[in-house]
Amino acid sequence: MILGIDLGTTHSAVGVVDSGFPILLADEEGKRVIPSAVWYGGEGEIEVGRKALRRRITDPMRVVTSVKRWMGSGRIDDPVLAALRKTPEEVSADILRELKRIAEWRLETEVGQAVVTVPAYFNDSQRAATKRAAELAGLEVVRILNEPTAAALAYGLDKLKERSRVAVYDLGGGTFDLSVLEMQDGVFQVLATHGDTRLGGDDVDRMLFDFLLEGLGELPVEMQMRFLDESEKAKRALSEDLAYTVRIPFYDGSSSFEKTITRSELDQMTREWIKKTLKCCQQAMLDSGLKNPDLDAVVLVGGSTRMPAVRETVAAFFEKNVDVTQHPDEAIALGATIQAGVLSGAMSKMVLLDVTPLSLGIETYGGLMNVLIPRNTTIPCKAGEMFTNAADGQQSMRVRVLQGEREMARDNWEIGKFDVEMENAPKGQARVGVQFKIDADGILEVLARDTSTGKDVIVRIENSAVNVDDAAVEQMVGESVEFAFEDMSERIFTEAKLKADELLPAVEMILEQGFVKDEERLEIEVAVSKVNSAITSGNANALKAAVKTLDEATEAAATRLVERAMEEALEREMAE
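Because the structure is a prediction, the values reported are computed rather than measured.

A. Layout of the environment of Gly-416. With respect to the element layout, Gly-416 can be found in strand β22 (residues 413–421). A C-alpha to C-alpha distance of 46 Å links Gly-416 and Glu-512, two positions 96 residues apart in sequence.

B. Seen up close, the nonpolar core. Membership of the largest hydrophobic core comes to 42 residues, with the highest contact counts inside it found for Tyr-169, Leu-178, Phe-227 and Phe-318. Sequence-distant contacts of Leu-178, that is, excluding residues within four places in its chain, are made with Ala-167, Val-168, Tyr-169, Ala-192, Thr-193, His-194, Cys-281, Ala-284 and Phe-318. The next biggest cluster of nonpolar side chains, apart from the first, holds 36 residues, and it includes Leu-25, Trp-70, Leu-96 and Ala-137.

C. Structural context of the packing of aromatic side chains. A full pass over the atoms with the stated rule returns 3 aromatic pairs. Aromatic pair Phe-227 and Phe-257: ring centres 5.0 Å apart, planes at 75°, arrangement edge-to-face. Of this pair, Phe-227 sits in helix α7 (residues 221–237) while Phe-257 sits in strand β14 (residues 257–262), and the two are 30 residues apart along the sequence. For Phe-227, a relative accessible area of 0% puts it in the buried group. Phe-257 sits in the buried class, given a relative accessible area of 9%.

D. Seen up close, the sheet that holds strand β6 (residues 46–48). Spatially, 3 strands are ordered β6-β5-β7 in an open sheet, and the strand pairing comes out antiparallel. Single-partner strands in this sheet number two, and they are β6 and β7 (63–65). Across the sheet, the mean angle separating the axes of adjacent strands is 20° when strand polarity is ignored. As paired elements, strand β5 (residues 37–40) and β7 share 3 bridges and run antiparallel to each other.

E. Main features of helix α4 (residues 124–136). Here α4 spans 19 Å end to end across 13 residues, near enough to the 18 Å set by a 1.5 Å rise per residue. The buried fraction of α4 is high, at 10 of 13 residues. Taken as a whole, α4 has its buried residues at Asp-124, Ser-125, Gln-126, Arg-127, Ala-128, Ala-129, Thr-130, Lys-131, Ala-133 and Ala-134. The N-terminus of α4 is capped by Asn-123, whose side-chain oxygen sits 3.1 Å from the backbone nitrogen of Ser-125. Just past α4, the residue Gly-138 takes up positive phi, approximately 85°.

F. Focus on the environment of Asp-456. Mapped onto the secondary structure, Asp-456 falls in strand β25 (residues 455–461). We classify Asp-456 as partly exposed; its relative accessible area is 33%. Between the C-alpha atom of Asp-456 and that of Asn-541, which follows or precedes it by 85 residues, the distance is 39 Å. If we ignore the near neighbours within four places in the chain, the residues touching Asp-456 are Leu-447, Ala-448 and Arg-449. Within the structure, the side chain of Asp-456 is placed 2.6 Å from the side chain of Arg-449, a separation counted as a polar contact.

G. Up close: the packing of helix α14 (residues 518–537) against helix α15 (residues 540–553). It is the contact of α14 with α15, at a shortest axis distance of 9 Å, that shows an interaxial angle of 160°. If you check the angle between α14 and α15, you find them roughly antiparallel. In the packing of α14 onto α15, the handedness of the crossing is left-handed. Counted together, Glu-523, Ile-524, Ala-527, Val-528, Lys-530, Val-531, Ala-534 and Ile-535 of α14 and Ala-542, Leu-543, Ala-546, Val-547, Thr-549, Leu-550 and Ala-553 of α15 form the full contact between these two elements. Of the residues assigned to the contact of α14 with α15, the class counts are 12 nonpolar, 1 polar and 2 charged.

Conventions adopted
Residue numbers run consecutively from 1 along every chain, following the written order of its sequence. Per-residue local features of the predicted model are confined to residues with pLDDT of at least 70, and side-chain atom pairs are confined, for both listing and counting, to 80 or more; whole-chain, interface and lining totals are unaffected and use all residues. Excluding hydrogens and water, the side-chain values take into account all heavy atoms of the structure. Every helix listed is a DSSP run of H or I at least four residues long, and every strand listed is a run of E at least two residues long, numbered separately from the N terminus. The set of buried Ala, Val, Leu, Ile, Met, Phe, Trp, Tyr and Cys residues whose side-chain atoms join them within 4.5 Å is what this entry labels a nonpolar core. Note on exposure labels: buried denotes an accessible area under 20% of the residue type's maximum, exposed denotes more than 50%, and partly exposed covers the range between, all computed with a 1.4 Å probe on protein chains only. Contacts: residue pairs with any heavy atoms within 4.5 Å of one another. Aromatic pairs are defined between Phe, Tyr and Trp rings, using the six-membered ring for Trp, whenever the two ring centres lie within 6.5 Å; interplanar angles under 30 degrees are classed as stacked, those over 60 as edge-to-face, and all others as tilted. Strand pairing is defined by DSSP finding a minimum of two bridges between the two strands. Each axis is a line fitted through C-alpha atoms, taken for helices only over the stretch in contact, and angles between the N-to-C directions span 0 to 180 degrees. Multiplying 1.5 Å by the residue count of a helix minus one yields the expected span of that helix. Under the rule applied, a polar contact is a pair of N or O atoms within 3.5 Å (in protein, one hydrogen donor and one hydrogen acceptor; residues adjacent in sequence only if both atoms are side-chain atoms). Roughly parallel means an angle under 35 degrees; roughly antiparallel, over 145; roughly perpendicular, 65 to 115; everything else is oblique. In a left-handed crossing the near helix is turned counterclockwise from the far helix by less than a right angle, and in a right-handed crossing that turn is clockwise. Residues are sorted three ways: Asp, Glu, Lys and Arg are charged, Ala, Val, Leu, Ile, Met, Phe, Trp, Tyr, Cys and Pro are nonpolar, and all the rest, Gly among them, are polar.

Here is the structure:
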């Protein structure tokens, strides 16, 4: 038996397939969804879920919420985590431990395996951190599943005989993803995905919090928590009502607070926030190669999609009515449960083809980014390439593993590096094979092999946090489009310059040693001059063309050089 778990920013849930049907398991209060909140008492006590959330007003510095935003990050700006000296993995483990307890209580048996969901745009480090949290909770993760893919599984359960292309817009408490999927005959293939792991309903709570506190000055932490709770209540209420009045009696011990906010004010407040999600939608659609009319449905999941402004804006962007048939808080857990059922054999077989969200490659000579696995490649997958030594007698090769969309290595993120020993050989003669392998959880393994010795170096990139926020991720992807022309121009120039650096000394040698006929010499010398001028000018296309011209001009002389070398070798062989 395998559990399906949605480890969410705001809420979490657990399910299992029973008698061929996926069901979510309720706690003692009959609730299928629990708050992702943990309270740590001074004597080592721990409470999870609604109990923890109730303590936030009276004991705010001991209650951790929205910890998912810090998973796999080297920069954690959470004063509660810092004060409690807890890591995001430890807090997440306590949430997962509670979900495991609920499942075992309901099922009356021990369970040790789970499918756990993550945002589609979680990087390798964030996925590995989620896996470690589950292991701390006593769970073996049999599959890390992207949240929009899980939602699509739930959406497609009763549509398996149809071919459909679906965009899943998943806006939760702390993260956002837009994934484009194609579903046909039980095969679910992700065509593209894009998102932001620091964008969600928590941001709206903070906007409302700032709106309510305007003019009140600095308040103690306990009072701030009361206003934050009321902000969340106001957000939820305004999804149903046109206005909501926040009332906090004696908030400071003597004064009472009352303030009304309208839905139109909230819509104005969140306009730019919603626009950020549309930028991700635009990129995902561009990557998928589809146009809006190609989509059969736009499915909304995640609690924040209850907001009317979100639904209206997304419908306008995709130019079609949005599908809100899925339960915003339960769809992802349901999809994880379906996948768990498939893996355990409790449900009929479905094939799930996910994708990697960012390109992966290594730095090559000249500072170039050599992509081995392009973004949006279906996973699991592997790809490899052969590389040579850049200098005579090179003893080792540094493998810098990069993640990103730019042409030059310096503009991408290094997520790992290691050295591979090489046999002593002339330039270009040693061979090192590098293979990238991404498993079904989206975690990368890099293998490098010296072909002459057969010696392998294998590195599993699990804890290689890029340590950049999602604004930087979005910025980089955007810049890959914005600077595409400049990047490609620099790449062309660099590649041409590398070839010129090899070609010019060789040309000088054949000119000096008499392999060039008189009628060829002037053409070659002019071509050399054009190559040097193009290098000085920095013009990429001019250099590429000049190198090609020089290569063609020296072709006949190079052939004579090779023939002479072969004759000399034959003469030596006969003499021996």
